[in-house]
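The lines below spell out each chain.
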Amino acid sequence: QESFSGRSTRLKVFQHAKHAMQLSCRSLAGTASRIVVKAARSGTCPSLVKHPRHAVARPPARHCSVRLMSSGSQGDVATVQSRQARAAFAKLATTSLEQRNACLSELERILRARESQILEANAKDVSNAERAGEPTGRLDLTGKMESLCSGLQTVRAMEDPLGSVSIARELSDGLKLFRVSTPLGVLLIIFEARPDAAVQIFSLAVKTGNAVILKGGKEATETLTELEKAMREALAAAGLPEDSVQLAIGREAANALLQPGLCDLIIPRGSNELVRQIQANTTTPVMGHADGICHVYVDPTADLQVARRVIVDSKTQYPQACNAMETLLVNKAVADQVLPMIAEALPDSTLKCCGSSLEILRNSGVGSRASEAVETDYKTEWGDLTFCIKVVDDLEQAIDHMRTFGSSHTDAIVTTDTHAADRFTSAVDSAGVYVNASTRFADGFRYGFGAEVGISTGKMHARGPVGLEGLLSYKYQVFGNGHTVGGETPTVLNHQEIDKVSSASDIRAVLDPGARAELPAARRILVKVGSGVVTRSEGGGVALARLATLVEQLAHLVQSGREVVLVSSGGVAAGKRVIADPNPHHVNKFASSSSLPIPSVPIPQLDPRVTLREEDQAEVKRWASATGQSKLMALYDHLFGVYDTNVAQLLISIPDLQFAHSRKATCRTIEGLMSQGIIPIVNENDAICTDRTDGDGSIDPNELPITDNDSIAAAIAVELKCDLVVLLSEVDGVYADPKNPVPMSILTAADLEEGGIVFGAKSGAGRGGMESKVLASRYMMKHGVKSVIANGILTRTTRTILDVVQGKNVGTLFV
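Caption draft 1: Local environment of the nonpolar core. Formed by 49 residues in total, the largest nonpolar core has its most connected members in Val298, Leu328, Leu339 and Leu361. The residues contacting Leu339, other than those within four sequence positions of it, are Leu328, Val330, Ser357, Ile360, Leu361, Ile389 and Val391. Core analysis: the next-biggest nonpolar cluster, separate from the first, contains 47 residues, Met145, Leu148, Val206 and Val245 among them.

Caption draft 2: Broad picture of unusual backbone geometry. The backbone of Ser408 sits at a positive phi, close to 60°, despite the residue not being glycine. Within the secondary structure, Ser408 sits in the loop between helix H13 (395-405) and strand E16 (410-414). Even without being glycine, Asp644 reaches a positive phi, approximately 55°. With respect to the helices and strands, Asp644 occurs in the loop between helix H19 (617-642) and strand E22 (647-652).

Caption draft 3: Representation of the packing of aromatic side chains in the model. Enumeration over the complete set of coordinates arrives at five aromatic pairs. For the pair Tyr474 and Tyr476, a centre-to-centre distance of 5.6 Å together with 80° between the ring planes defines the contact as edge-to-face. Residue classification places Tyr476 among the buried residues on the basis of a relative accessible area of 8%. With centroids separated by 6.2 Å and ring planes inclined at 35°, the aromatic side chains of Tyr636 and Phe640 adopt a geometry described as tilted. Here Tyr636 and its partner Phe640 are both found in helix H19, four residues apart, which amounts to about one turn of the helix. Through pairs of rings, three or more aromatic residues link up here, namely Tyr447, Tyr474 and Tyr476.

Caption draft 4: Representation of helix H10 (residues 304-316) within the structure. An ideal rise of 1.5 Å per residue puts 18 Å on 13 residues; H10 measures up with 18 Å between its terminal C-alpha atoms. At the N-terminal boundary of H10, the capping side chain belongs to Asp303, with an oxygen 2.9 Å from the backbone nitrogen of Gln305.

Analysis parameters
- Residues numbered from 1 in each chain as written.
- Predicted model: local features only at pLDDT ≥ 70, side-chain atom pairs only at ≥ 80, totals over all residues.
- Heavy atoms only, no water.
- Core = buried A, V, L, I, M, F, W, Y, C linked by side-chain atoms within 4.5 Å.
- Buried < 20%, exposed > 50% of the residue type's maximum accessible area, 1.4 Å probe, protein only.
- Contact = heavy atoms within 4.5 Å.
- Helix = DSSP H or I, 4+ residues; strand = E, 2+ residues; numbered from the N terminus.
- Phe/Tyr/Trp six-rings, centres within 6.5 Å; stacked < 30°, edge-to-face > 60°.
- Expected span 1.5 Å × (residues − 1).
- Polar contact = N/O pair within 3.5 Å; in protein donor to acceptor, adjacent residues only side chain to side chain.

Here's what the structure looks like:
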């Protein structure tokens, strides 16, 4: 601490401080030294200590106030922190789960590596608190570091909360609605003397894609400073914006952040007095114990007639509604065409125009109702036929305008560019983000809710303990094709639910079915079912209900004019029910003259020779195969007979497929059977033992090692030039992360080359697994055969195979 006397000396101190802060603001990415200013009118004042990236001034009422300068505009510290946090949020909200989890992993590593430094800082806080006579139980981190790291691991293991689709609904033909989970934005968390809470809050904020400003108790300043340093380093190491976390030091800093618009949600953790004080002094939503400024943006690729319908309906269908358009944003590339067209379509409207749009309208002779807009016009909810017009350079400028002047109610884009639509729906932080549809659809009844109590642009919704879901909001993504509520052709609503949509990738698959659109035309179809699907459990036993549902669907395909071949596992598993009984008296239970009519006289009873050894398991498997195949085939024959469908059995040895001559001969037999409306049922002949061979090289063993029914199915499908292969498994498809069991809708060759697929444990009932199925699908993909890995645990109401053939978003498609 230094003391200064004399007015000139004090002025010099503040001038140097101001200059240093200006420099640090111009280079936020650099490493700046801490600035400590000690001065006051009396010669000494309380300290101003903070990283210049988010400095916090703490002057008493009579002391000088220090402000930060950024790009020539002046704003107080709270505003700077808010701007930095919002810029970080815009990036963090669209990052991958892998990046966010990597940040949490890195923070755990840093905490373990720097435990001594953190505890040293914490000891200073504890010592200061003890001298002040304050309690230190919650302040002391001794013995808590392991629990902090364990908490990070727990959060990291949670499923990705972002991009989850909770509603998928077709409102009308071609008009689809999706409700998608999103982060809240910038969180201000105010907590008392618990520095460990900072780590817990940070982990939840990062996982949910929220930026967070932490205001801890003053008694924990040293500890929080060290923890913040670790958090920012972890963010940087994961490629995430460092300003996703910031500290606010001092009560004045927290009070400044209570100003409207600086944060999206305030969560005070502390006494009732603290919560009540914050609630009484802010209009920001507080989680403790609107205007409708809607926009339509016209993209350069927009269909102009679609744009006309959307704009006219958005403004005129009910101008007083909060979901009516108040500002029209037009890309400069189409402004000369769009603006005169809209002015003529809305002859009773009053237009508030930017300079460029005003010039265009006047030059086209329709500018008599237009006047130049002022900035406040863009923040006005007119409630009549008045609206603003602004010409923008590109989509990003349009999004920036909505962020600056909008009310986060409902905004729409008119475009034929799917990339522009995707960018718009992910970047615009509004309750409704629409593509080629009128903003007037923002209504509970039209969404299919039946009724509404109102439309809120606030984000308060959580009750009870606030975990991941409590830090999330959602947005309604609506995709249409010029649909309107009113006009000459008003939309007729039907409200049909869309199945199998759980993630953002599923939305794209629904909107642009792409390769799936070709699946209904598939004529030659191969279906492979694994042992885990055919049998009830690892111990064997056929799952009769699943088998019956499978047979019904395959018979349906045949009777609809398609050719079907079934590759079925399960013979060994079914045979184990007979072979694997270790009871030596099993055969004696029925061998008596009273139960057997022949022979009619008793004969000497001999003891069975049942001596199974560990090394005999391969032999036992062959016994089970020989026994189970006949039983399984008899069951298939009976079930298909119910539908007047004939079947034939083909037991194939691996060498039959490794040599081109025998493989082609086998497939000619299969083709001949299918031409007669017969379903060939193929299985590996596990009852015999064959010598291992690499074949004649017609199938590269490195590309497709033929070892199980998955690879057998792939080899046959390629030889037969099948239009579609369905590999039925025990899961819904291929997961990018087994801890987040949401199947990927489509996998391409590029996706497989990039890697990132993690394989879990295979079924205990057979030799295959997901890795085997992906390898088989990769081989088929290379040779032009589409395949789908889907869940084969069928019930009476599920029709997975038929859903796939219909082109529905089921399973993972390899194409």
